Amino acid sequence: MPLPSPVPAGAASLLLPPDILNRLEFASLFGNTQPVELELGCGDGSFLLQWAAQNPDRNFLGVERLKGRVTKIDRKGRRQGLTNLRGLRLEAGYVLEWKIAPASLTALHVYFPDPWPKKRHHKRRLIQAPFTVLAARVLAPGGRLFLRTDHVEYFAQMEEVMAAAPDFERCEEPEGLLDVKTDFEVGFNAEGKPTNHSAWRRR
Ligand SMILES: C[S@@+](CC[C@H](N)C(=O)[O-])C[C@H]1O[C@@H](n2cnc3c(N)ncnc32)[C@H](O)[C@@H]1O
């Protein structure tokens, strides 16, 4: 029996949660119990709109703090008729810590997070040791974390942080994933900056 959904069937959703304190219930959010993948800092959804269209047997949640970008995901998702994509306007760290149930995700995508290049701003970077603890908590065993950045020095930090995380082991991206580019990626690649990427499996 289909589960109740807060959005009309056939629609993507701009989700502004009325209750920011409780964890999301994916079954009622999506109206089914398909596996769920999350993208943090998804921008205007350039990756998720393509990936969700290619994988109708999975659900996708995009987290982004800028309202205009989430609105754009909603508009484009509806136009594409995607039923398996939702946008959430909220802060990424807060979402990981408070909105996602333990072991409830099959994949976590983090693409071109703000690099905060100045040394005094490095503490603002998302991929640091505390992030690996939160990511390990929300990913189901065997779930995967996918990282991409154009920023060579931040990529070195990502590699170091992830290699030191006891709950993760290096793995490969699934076939076709790297062919799906984000907006920032297309821009960086056009400027001659290649994509640095890695994939990690939750033990
Ligand atoms: C450099 S852009 C990359 C966007 C997209 N991933 C892409 O590759 O096209 C980084 C995005 O992360 C969002 N962002 C940065 N910090 C965030 C946070 N703490 N919580 C949610 N979104 C955040 C920004 O608003 C921006 O849209």
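Scroll up to find the structure this text is about.
Residues numbered from 1 in each chain as written. Predicted model: local features only at pLDDT ≥ 70, side-chain atom pairs only at ≥ 80, totals over all residues.

Undergrad: An account of the site of the ligand is needed here, citing residue identities and associated values.
TA: Looking at the ligand, there are 19 residues lining it, with Gly 41, Gly 43, Ala 92, Thr 182 and Phe 184 nearest. Going through the elements one at a time, strand 3 (59–64) and helix 7 (183–190) are the ones with two or more residues in the shell around the ligand. For the shell around the ligand, the element with the highest residue contribution is helix 7, accounting for 3 residues. By residue class, the composition of the shell around the ligand is 8 nonpolar, 4 polar and 7 charged. (Near = placed C-beta within 6 Å. Helix = DSSP H or I, 4+ residues; strand = E, 2+ residues; numbered from the N terminus. Nonpolar A, V, L, I, M, F, W, Y, C, P; charged D, E, K, R; others polar.)

Undergrad: So what's going on with the nonpolar core? Which residues, and what values?
TA: Judged by nonpolar contacts, the single largest core of 46 residues is most densely connected at Leu 48, Val 63, Leu 105, Leu 108, Ala 135 and Leu 145. Residue contacts for Leu 108: discarding those within four places in its chain leaves Leu 38, Ala 135, Val 138, Leu 139 and Leu 145. (Core = buried A, V, L, I, M, F, W, Y, C linked by C-beta atoms within 7 Å. Buried ≥ 20, exposed ≤ 12 C-beta atoms within 10 Å, placed from the backbone. Contact = placed C-beta atoms within 7 Å.)

Undergrad: Tell me about the pairing of strand 2 (residues 36–40), and name the residues and values.
TA: Extensive coverage of strand 2 is indicated by the burial of 5 of its 5 residues. On strand 2, burial covers both faces: Val 36, Leu 38 and Leu 40 on one face and Glu 37 and Glu 39 on the other are all buried. Bridge count for strand 2 against strand 3 is 5 bridges, and the pairing is parallel. Within strand 3, the position partnered with Glu 37 by the bridge is Phe 60. Crossover connection from strand 2 via helix 2 (residues 46–54) to parallel strand 3: handedness right-handed. Sheet analysis places strand 2 next to strand 5 (residues 105–111), joined by 4 bridges and oriented parallel. The residue bridging Glu 37 from the neighbouring strand is Ala 107, located in strand 5. (Pairing = 2+ DSSP bridges. Right-handed = clockwise from strand over helix to strand, strands pointing away.)

Undergrad: Give me the lowdown on the packing of helix 2 against helix 3 (residues 67–80), citing residues and values where you can.
TA: It is the contact of helix 2 with helix 3, at a shortest axis distance of 10 Å, that shows an interaxial angle of 25°. Relative to helix 3, the element helix 2 lies roughly parallel. Classified by chirality, the crossing of helix 3 by helix 2 is right-handed. In this structure, helix 2 uses Leu 48, Leu 49 and Ala 53 to contact helix 3, whose residues at the interface are Ile 73, Lys 76, Gly 77 and Gln 80. For the contact of helix 2 with helix 3, the per-class residue count stands at 4 nonpolar, 2 polar and 1 charged. (Axes fitted to C-alpha atoms, helices over the stretch in contact; angles between N-to-C directions. Parallel < 35°, antiparallel > 145°, perpendicular 65-115°, else oblique. Left-handed = near helix turned anticlockwise from the far one by under 90°.)

Undergrad: Explain unusual backbone geometry to me, and be specific about the residues and the numbers.
TA: The backbone of Phe 112 shows a phi angle near 55°, a positive value even though the residue is not glycine. Looking at the element boundaries, Phe 112 is found in the loop between strand 5 and helix 5 (129–138). Under the C-beta neighbour-count criterion, Phe 112 is labelled buried, with 21 such atoms within 10 Å. The backbone of Trp 116 sits at a positive phi, close to 40°, despite the residue not being glycine. Secondary-structure assignment places Trp 116 in the loop between strand 5 and helix 5. Of the residues examined, Trp 116 has 15 C-beta atoms within 10 Å and is grouped as partly exposed.

Undergrad: Account for the environment of Leu 29, with residues named and values stated.
TA: Note that Leu 29 resides in helix 1 (residues 26–30). Taking C-alpha positions, Leu 29 is 9.9 Å from Leu 85, a pair spaced 56 residues apart along the chain.

Undergrad: Just give me the short version of helix 6 (residues 152–163), but keep the residues and values in it.
TA: Between its first and last C-alpha atoms helix 6 spans 16 Å; for 12 residues at 1.5 Å apiece the expected length is 16 Å, and the two agree. All buried positions along helix 6 are accounted for by Tyr 154, Met 158 and Met 162. Down the axis of helix 6, the smallest arc covering the buried residues is 70°, so these residues share one side. Facing away from the buried side of helix 6, by more than 90 degrees, are the exposed residues Val 152, Glu 153, Ala 156, Glu 160 and Ala 163. Looking at the buried residues of helix 6, the elements they touch are helix 5, strand 6 (139–149), strand 7 (168–171) and strand 8 (196–202). (Expected span 1.5 Å × (residues − 1). Arc of directions from axis to C-beta.)

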